[in-house]
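Analysis of the macromolecular model
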Amino acid sequence: NQRDFIRIISEESDKLTDLIEQLLDLSRLEAGMLAITPEPREVHEVLQTVLPQLSVLAANHHLTLDVPLDLPPVLADDYRVGQVLSNLVANAARYAPRDTTIRIATSAEESAVRFEVSDQGPGIPPEDRQQVFEAFRQASNRPGTKSEKGAGLGLAIARGLVEAHGGRIWIGDGPGVGTTVYFTLPTHREETIELEMRQDA
């Protein structure tokens, strides 16, 4: 009994610590005080940095990656992009049935790289897709108790971090059932940076 009580206290303490950290991050984002240092990074390197954490979050699911090796480098803060991906995978794992697939895919756009995280859960109705990026807001069709649903901060923080990188984030219609969250990060273009430096000089 004592071991069970200690385990429960430890788990609840971890949840409380996570909630406090999310609230602090959200406050810093809204105040423009969250430190973000984007650097030129290869996409597969960004994913490799956070992959161990994603594997733990999706331990009861099948996590798959579809990442071409010829993508252009992006301007990214590894830690903060990892935080975005962790929030998205945690959401997918929370609502998608056990043993279903959570897929992370990337593709090149004109001046950005697009990331997508898709699951095979209940999906998010189109009328809820904007509001779920607001703090403490969740889709109306999400099952589970309040504690199972979380605080409704993950997507709000993800949006703030993506926008701080100069990207955008949205929920769209993915392949099949479930939810697909997309976000973009700007590509690193050395020739553009060099031109801007010469113009400034």
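A brief structural summary. What you see is a predicted model; the values in this text were computed from it and never measured. (Residues numbered from 1 in each chain as written. Predicted model: local features only at pLDDT ≥ 70, side-chain atom pairs only at ≥ 80, totals over all residues. Heavy atoms only, no water.)

Digging into the overall build of the chain
For clarity, the cut-off: Starting at the N terminus, helices and strands are each numbered in turn, a helix being any DSSP run of H or I of at least four residues and a strand any DSSP run of E of at least two. We call a residue buried when its accessible area falls under 20% of the maximum for its residue type, exposed when it is over 50%, and partly exposed in between, using a 1.4 Å probe and counting protein chains only. Contacts between residues were defined by any pair of non-hydrogen atoms, one from each residue, lying within 4.5 Å. Computed by Shrake-Rupley with a 1.4 Å probe, the accessible areas treat only the displayed protein chains as cover when residues are assessed.
When helices and strands are tallied, the chain shows six helices and seven strands. Reading the secondary structure of the chain in the N-to-C direction produces α-β-α-β-β-α-β-β-α-α-β-β-α. Across the 201 residues that make up the chain, the buried fraction comes to 41%. In the chain, 67% of the contacts between residues at least 6 apart in sequence involve partners at least 24 apart. Split by element, the accessible area of the chain, about 11600 Å² in all, is 50% carbon and sulfur.

Description of helix H2 (residues 43-57)
We apply this condition: What a helix should span is 1.5 Å times the count of its residues minus one. Two axes enter the bend calculation: one fitted to the seven residues ending at the residue in question, the other to the seven starting there, and the bend is the angle between them.
Over its 15 residues, H2 runs 20 Å from end to end, which matches the ideal 21 Å to within 8%, given 1.5 Å per residue. Of all bends in H2, the biggest is about 50°, found at Leu 51, and the proline Pro 52 comes one to four residues later. Regarding H2, the residues found buried are Val 43, Val 46, Leu 47, Val 50 and Leu 54. Buried residues in H2 make contact with strand E1 (39-41), strand E2 (62-66), strand E3 (74-76), helix H3 (78-95), strand E4 (101-108) and strand E5 (112-118).

Notes on the packing of aromatic side chains
Filter applied, for reference: Any Phe, Tyr or Trp ring, taking Trp's six-membered ring, that has another such ring centre within 6.5 Å forms a pair; planes under 30 degrees apart are called stacked, those over 60 apart edge-to-face, and the others tilted.
In this structure the tally under the stated criterion is two aromatic pairs. Between Phe 115 and Phe 183, the aromatic rings sit 4.7 Å apart at their centres with planes inclined by 5°, giving stacked as the arrangement. Placement of Phe 115 in strand E5 and of Phe 183 in strand E7 (residues 180-186) is noted, with a sequence separation of 68 residues between them. Judged by relative accessible area, which is 0%, Phe 115 ranks as buried. Between Trp 170 and Tyr 182 the ring centres are 5.4 Å apart and the planes differ by 15°, which places this aromatic pair in the stacked class. Separated by 12 residues along the polypeptide, Trp 170 in strand E6 (residues 169-172) and Tyr 182 in strand E7 bring together distant segments of the chain. Its relative accessible area of 10% is what places Tyr 182 among the buried residues.

Re H3
The periodicity of an α-helix, 3.6 residues per turn, causes residues three or four positions apart to be oriented the same way. Short version of the rule: Polar contacts, as counted here, are pairs of nitrogen or oxygen atoms within 3.5 Å of one another; within protein the pair requires one atom able to donate a hydrogen and one able to accept it, and residues that are adjacent in sequence qualify only if both atoms are side-chain atoms.
Helix length check: H3, at 18 residues, gives a terminal C-alpha distance of 26 Å against a target of 26 Å (1.5 Å per residue), a fit within 8%. Of all 18 residues in H3, 16 are buried; the element is thus mostly enclosed. The backbone nitrogen of Tyr 79 lies 3.1 Å from a side-chain oxygen of the residue at the head of H3, namely Asp 77.

Regarding the packing of H2 against H3
Rule in force here: Helix axes are fitted to C-alpha atoms over the stretch in contact, other axes to C-alpha atoms as well, and angles between N-to-C directions run from 0 to 180 degrees. Here the word oblique covers every angle except those under 35 degrees (roughly parallel), over 145 (roughly antiparallel) and from 65 to 115 (roughly perpendicular). Here a crossing is taken to be left-handed if its near helix is turned anticlockwise relative to the far helix by less than a right angle, and right-handed if that turn runs clockwise. Under the scheme applied, nonpolar residues are Ala, Val, Leu, Ile, Met, Phe, Trp, Tyr, Cys and Pro; charged residues are Asp, Glu, Lys and Arg; polar residues are all the others, including Gly.
Direction vectors running N to C along H2 and H3 enclose 30°, while the axes themselves pass 9 Å from each other. One element, H2, and the other, H3, form an angle in the roughly parallel class. In this structure, the crossing between H2 and H3 has a hand that is right-handed. Counted together, Val 46, Leu 47, Thr 49, Val 50, Gln 53, Leu 54 and Leu 57 of H2 and Asp 78, Val 81, Gly 82, Leu 85, Ser 86, Val 89, Ala 90 and Ala 93 of H3 form the full contact between these two elements. Counted by class, the contact of H2 with H3 contains 10 nonpolar, four polar and one charged residues.

Focus on unusual backbone geometry
Despite not being glycine, Asp 99 has its phi angle at roughly 70°, a positive value. Its place among the elements puts Asp 99 in the loop between H3 and E4.

Considerations on the sheet that holds E2
By way of backbone hydrogen bonds, the strands of a sheet pair with one another, either parallel or antiparallel. The following threshold applies: Strand pairing requires that DSSP identify at least two bridges connecting the strands.
In space, the five strands of this open sheet follow the order E2-E4-E5-E7-E6, with mixed pairing throughout. In the strand order of this sheet, the two ends are held by E2 and E6, each with one partner. Going from strand to strand, the sheet's axes swing by 20° on average, the running direction of each strand aside. Where E4 and E5 come together, six bridges link them in antiparallel fashion. By the bridge assignment for E5, Arg 103 is matched with Ser 118.

Observations regarding the side chain of Asn 91
Structurally, Asn 91 is set in helix H3. With relative accessibility at 19%, the residue Asn 91 sits in the buried group. A distance of 3.1 Å separates a polar atom in the side chain of Asn 91 from a polar atom in the side chain of Arg 94.

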